[in-house]
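Read off the chains here:
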Amino acid sequence: MTVTHPKGFRASGVAAGLKATGNADVALVVNDGPDYTAAAVFTGNRVKAAPVLWSQQVLKGGIVRAVVLNSGGANACTGPQGFRDTHATAEHTAAVLRGGANRMMIGPGDVAVCSTGLIGELLPMDKLLPGVNAAAKALAADGGPRAAEAIMTTDTVAKNAVAPREGWSVGGIAKGAGMLAPALATMLVVITTDASADNDTLDAALRAATRVTFDRIDADGCMSTNDTVILLASGASNRQPTLEELTAAVTEVCHDLAQQLIGDAEGATKHIAIEVQGAASEADAVQVGRTVAGNNLVKTAFFGNDPNWGRILAAVGTTSAAFEPDRIDVAINGVWICKGGAAAEDRSKVDLSGRDVTVTINLREGEMGATIWTTDLSHAYVHENSAYSS
């Protein structure tokens, strides 16, 4: 149930010594074809890591035969040498795969590169490149879970997903636990499908999927420099789904992975869905949801198991969305504690003892809605991000 579930893909994850823990830190995902089409979306941060800049160029060619990923170093804000190291990683990966048992027809321009970890330091190439050699030797049709483990940083669990269909499927792996904010959220994600699709179809499906999944999670309002989501198609199933069918399957995998990301967010004790209803437009619904999700007073209230609807209304009031303050309704876990912008049911009826929380906000302005997923703000989050350089 992972990135190697679709036909035509091999993957691996090995320990190269980039992490002080000795855990796996280099991953490789290879598309064995017969198709090699691809699409990707990248961070909205203007400060982009060298591997993002490299992979953006690779994706312009429309062909990706391999993705090499490392944890233990972001290779971000590393200047010209950082980009040269990324280029060298792609060249080395291509050379190793050309010389392997499968004798792939591959050049550096067919290799996407992803990195994650500490910003501002060069990668130890004397460890990374031998790690690529080891990852190439370890490639296997069941290697997806090991690849997922190798890209973990502060993640506590590896993240895998699959959406099976009749005769074809979509699979994926992801990493991410901190710096999770919209405009991708901090993540490295590789999604695969054995469906046959051209680049434009893949791009349309991926952008439609990320818009309602990865772009709608927000743990801490912080955007990374390395975010990358890549979709690869092998065509090995000999099936060509419609754009709608492909989009649905890719969205299913992205949603699954996005929920795993927010569920594993650093220090979180609550998994919170902000459901906005009755908005005049989808944009209004998204804006309200994101504003409430990113409000520290709201987040700390949930950490303290306090159903403080006043903080929610105050956050909504900072948006430009269409609404009348005396018409807004708010429910927490199904209890409508605010009606018409004022107190309603007794707030003591709200049960916040569990991890999952649903906040429903009805603006009563239209028929549109959206959901943003977030977490609380805990002591553990502050500790982890004060003790860990990022």
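Everything that follows concerns the structure shown earlier in this document.
Procedures and definitions
- Residues numbered from 1 in each chain as written.
- Predicted model: local features only at pLDDT ≥ 70, side-chain atom pairs only at ≥ 80, totals over all residues.
- Heavy atoms only, no water.
- Helix = DSSP H or I, 4+ residues; strand = E, 2+ residues; numbered from the N terminus.
- Buried < 20%, exposed > 50% of the residue type's maximum accessible area, 1.4 Å probe, protein only.
- Contact = heavy atoms within 4.5 Å.
- Pairing = 2+ DSSP bridges.
- Core = buried A, V, L, I, M, F, W, Y, C linked by side-chain atoms within 4.5 Å.
- Axes fitted to C-alpha atoms, helices over the stretch in contact; angles between N-to-C directions.

A word on the overall build of the protein chain. When its secondary structure is counted, the protein chain shows ten helices and 16 strands. Dimensions of the protein chain along its principal axes, counting C-alpha atoms only, are 70 × 45 × 35 Å. Looking at the protein chain residue by residue over its 390 residues, the buried ones come to 56%. Put simply, of all contacts in the protein chain between residues at least 6 apart along the chain, 79% involve residues at least 24 apart.

With that settled, consider the pairing of strand β13 (residues 335-339). As judged from the three bridges shared by strand β12 (residues 329-332) and β13, these two strands associate in the antiparallel manner. When the sheet's bridge partners are listed, A331 is paired in β13 with W336. What sits between β12 and β13 in their antiparallel hairpin is a turn of two residues, with N333 showing a positive phi close to 50 degrees. As judged from the two bridges shared by β13 and strand β14 (residues 342-343), these two strands associate in the antiparallel manner. Considered in β14, the bridge of K339 is made with A342. The antiparallel pairing of β13 with β14 creates a hairpin that spans two residues between the two strands, and G340 there sits at a positive phi of about 60 degrees.

On to the nonpolar core, then. Judged by nonpolar contacts, the single largest core of 52 residues is most densely connected at V67, L69, L97 and L232. With residues up to four places along the chain from it excluded, the contact list for L232 reads F9, V29, T37, A38, V64, V67, V190, I191, T192 and T193. Ranked by size, the runner-up nonpolar core spans 35 residues in total, among them A39, M187, L231 and A258.

On to the sheet that holds strand β1 (residues 9-14). On the basis of which strands lie adjacent, the open sheet formed by four strands has the order β1-β2-β4-β5 and mixed pairing. Of all strands in the sheet, those bounded by a partner on one side alone are β1 and β5 (111-116). The mean angle between the axes of side-by-side strands here comes to 10 degrees, regardless of whether they run parallel or antiparallel. Bridging between β1 and strand β2 (residues 26-31) involves six bridges; their strand directions are antiparallel.

A separate point is the sheet that holds strand β7 (residues 168-175). The strands making up a sheet are joined through hydrogen bonds of the backbone, oriented either antiparallel or parallel. Pairing within the open sheet is mixed, and its five strands lie in the order β3-β10-β8-β7-β6. The open sheet has two free edges, formed respectively by β3 (37-42) and β6 (159-165), since each of these has just one partner strand. Between one strand and the next, the sheet's axes are offset by a mean angle of 10 degrees, whatever the strand orientation. Across six bridges, the pairing between β3 and strand β10 (residues 228-233) is antiparallel.

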